[in-house]
Amino acid sequence: MGVLMSRRQTVERVQKVSLAVSAFKDGLREQPSTRRRAEAGTARQGTLEQEVQEGEEEALAGPSQPEESSASKAAWERLRDGRGVEPEEFERANRFTPPAFIRPKRELHDDEPPDISLEQREQILNDEMCEICEVWTAESLFPCRICHRVYHDGCLRRMGYLQKDSAVEVTETAHTETGWSCYYCDNLNLLLTEEEMYSLMETLRNCKIIPGGCLTLDDFLHYKHQVHKQQFERTMPEAQEEQAALQFNALDPDKKGHIEWQDFLSHESIQLLQKIRPQNALLRLLTPKERERARAAFLALDQDNDGLIGEGECRQARHTWFRKHQKEMQSCNVSISHVGPISEGSPASSMNSKSPEKILPATKQEETRNIDWPRFLRENVAYILAARPNSAALHLQPLA
């Protein structure tokens, strides 16, 4: 017992000394001029010429250059680790430590078609305890609309994932049809494996894209042209450039003239998933809540209960249920989780009629094509995943 106590006392003593040394070093960094004066006063050494020479050497070294390189390095590290919140954006005092995100790994059976039955409904159960503090407090827990996790708003604030504007969004939408995505599901970049993430980082580096910055339309189109030229060794066709411009507008719903970094990163992440992984592998990323929403959407379109819908109806689902709605629609209690048929007098119908991205009528050829449940899932899985983030931006623009 005595040995244990002495060890604990030794550890506590070392910790106290470490804290004192850290505080002393922080004070020296905050007041470099005071330190120089104290050293000069105690040692009685050094002349004015030496001080001037030291100042010139510090100026030549330039603190801005190492700071800039360290900031750039930190940005690439955050991108690699999947951290969406900048650690400099909020004060760390009284904060929880953000989780260490572990990127997924591909399994041998990922490319095989998963068994997702249309008839067998899935029971949706949320966790009973907060994901962060692991405490149960009933109504004060906010569920994620994608996964099974639940959270306290206070825990999210202490994590730094809930700022002023997003706090109102969580409290107002978490218990409604609109729902709220937690910080795991909100970040589509966390779906990438380490190999896929390094591939994306290499592309961004080659195209001179700086992590954390906003992109204008010219920046976005220039990036798309470079990626297309690197991949196909030829200039991007005009039709694809027009589609890229439409995608930029979809990522900029507020018409600010630029797209936020997180929206751009989510768009590029879902684009990379579409290119690298087969549709069967993407289907395995769907959560029970997303599968149940897709199941209800298909059943609502299958009016005659024969297990088939028209291709035009499939495209309609892609433009309505599996994409983002404007923020005004939330006040009408209509959301991306809406799975019932939209009538002409419904709020969603009136909003879609005013939207510049009106759904084109189905052609006769589309009306004659029939789509079963497995094909419906495969063709819409990317749009279901792209609808996860809370942002109003449309991270995957459906083709007309």
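It should be emphasised that the depicted structure is a prediction, and the values quoted were computed from it without experimental measurement.

1. Structural notes on the overall build of the protein
Moving on, step 1. In terms of regular secondary structure, the protein is built from 16 helices and six strands.
Moving on, step 2. Expressed as a percentage of its 400 residues, the buried residues of the protein come to 37%.
Moving on, step 3. Put simply, of all contacts in the protein between residues at least 6 apart along the chain, 72% involve residues at least 24 apart.

2. As for the confidence of the model for the protein
Moving on, step 1. Put simply, the protein has an average pLDDT of 75, and 65% of its residues get 70 or more.
Moving on, step 2. Residue range residues 30-48 is modelled with pLDDT below 50. Its contacts to residues more than four positions away, or to other chains, number six contacts.
Moving on, step 3. For residues 59-68, every residue scores under 50 in pLDDT, and the model assigns this stretch one contact once sequence neighbours within four places are set aside.

3. Description of the environment of Trp 76
Moving on, step 1. Tracing the backbone shows Trp 76 in helix α4 (residues 64-81).
Moving on, step 2. For the pair Trp 76 and Ile 210, spaced 134 residues apart in sequence, the C-alpha to C-alpha distance is 8.5 Å.
Moving on, step 3. Setting aside its immediate chain neighbours within four residues, Trp 76 contacts Met 201, Leu 204, Arg 205, Ile 209 and Pro 211.

4. A short note on the nonpolar core
As a rule of thumb, nonpolar side chains are buried together in soluble globular proteins.
Moving on, step 1. Membership of the largest hydrophobic core comes to 52 residues, with the highest contact counts inside it found for Leu 79, Leu 204, Ile 209, Phe 264, Phe 322, Trp 373 and Phe 376.
Moving on, step 2. Here this core gets nine residues from one element, more than from any other, and that element is helix α16 (residues 373-386).
Moving on, step 3. Residue assignment places this core across two domains, with domain 2 (192-261) and domain 3 (277-322 + 369-399) each supplying three or more.
Moving on, step 4. In this structure, Cys 182, Tyr 183, Cys 185 and Leu 190 belong to the second largest nonpolar core, which totals 18 residues.

5. Observations regarding the packing of aromatic side chains
Moving on, step 1. For the structure shown, the criterion picks out 12 aromatic pairs.
Moving on, step 2. A centroid spacing of 6.5 Å and a plane angle of 65° characterise the contact between Phe 101 and Tyr 183, whose relative ring orientation is edge-to-face. You can see Phe 101 sitting in the loop between α4 and β1 (141-143) and its partner Tyr 183 sitting in the loop between α6 (164-173) and α7 (194-206), a full 82 residues away along the chain.
Moving on, step 3. Classification of Tyr 183 by relative accessible area gives buried; the value is 10%.
Moving on, step 4. Where Phe 298 meets Trp 373, the ring centres are 5.5 Å apart and the plane angle is 65°; that geometry is what we call edge-to-face. Of this pair, Phe 298 sits in helix α12 (residues 288-301) while Trp 373 sits in helix α16, and the two are 75 residues apart along the sequence.
Moving on, step 5. Following the ring pairs from residue to residue traces out a cluster consisting of Phe 101, Tyr 151, Trp 180, Tyr 183 and Tyr 184.
Moving on, step 6. In this structure, Arg 149 is placed above the aromatic ring of Tyr 184, and the distance from its NZ or CZ to the ring centre is 4.1 Å.

6. Some remarks on helix α8 (residues 217-232)
Moving on, step 1. Relative to the 22 Å expected for 16 residues at 1.5 Å per residue, α8 spans 22 Å between its end C-alpha atoms, a close match to the ideal helical length.
Moving on, step 2. Those residues of α8 that fall on the buried side of the exposure criterion are Phe 220, Leu 221, Tyr 223, Lys 224, Val 227 and His 228. Take α8 and look down its axis: the buried residues cluster within an arc of 160°, on one side only. Structural note: α8 exposes Asp 218 and Lys 229 on the side pointing more than 90 degrees away from its buried face.
Moving on, step 3. Of the residues one or two after α8, Glu 233 is the one with positive phi, at around 60°.

7. Digging into α16
Moving on, step 1. Over its 14 residues, α16 runs 20 Å from end to end, which matches the ideal 20 Å to within 8%, given 1.5 Å per residue.
Moving on, step 2. Helix geometry: α16 is bent most strongly at Asn 380, by close to 50°.
Moving on, step 3. Most of α16 is tucked away: 10 of the 14 residues are buried.
Moving on, step 4. Here α16 has its buried residues at Trp 373, Phe 376, Leu 377, Asn 380, Val 381, Ala 382, Tyr 383, Ile 384, Leu 385 and Ala 386.
Moving on, step 5. Buried-residue contacts for α16 involve α10 (261-276), α11 (279-283), α12, β5 (308-310), α13 (311-320) and β6 (370-372).

8. As for the pattern of salt bridges
Moving on, step 1. Per the stated rule, a full pass over the model turns up 14 salt bridges.
Moving on, step 2. The partner of Arg 106 in a salt bridge is Asp 111, with the nearest N and O atoms 2.6 Å apart.
Moving on, step 3. Overall, the relative accessible area of 41% leaves Asp 111 in the partly exposed class.
Moving on, step 4. A salt bridge links Arg 121 to Glu 292; its shortest N-O distance comes to 2.5 Å.

Parameters and conventions
Residues numbered from 1 in each chain as written. Predicted model: local features only at pLDDT ≥ 70, side-chain atom pairs only at ≥ 80, totals over all residues. Heavy atoms only, no water. Helix = DSSP H or I, 4+ residues; strand = E, 2+ residues; numbered from the N terminus. Buried < 20%, exposed > 50% of the residue type's maximum accessible area, 1.4 Å probe, protein only. Contact = heavy atoms within 4.5 Å. pLDDT = per-residue confidence, 0-100. Core = buried A, V, L, I, M, F, W, Y, C linked by side-chain atoms within 4.5 Å. Domains from an automatic or database assignment. Phe/Tyr/Trp six-rings, centres within 6.5 Å; stacked < 30°, edge-to-face > 60°. Lys NZ or Arg CZ within 6 Å of the ring centre and 35° of its normal. Expected span 1.5 Å × (residues − 1). Arc of directions from axis to C-beta. Bend = angle between axes of the 7 residues up to and from the residue. Salt bridge = Lys/Arg side-chain N within 4 Å of Asp/Glu carboxyl O.

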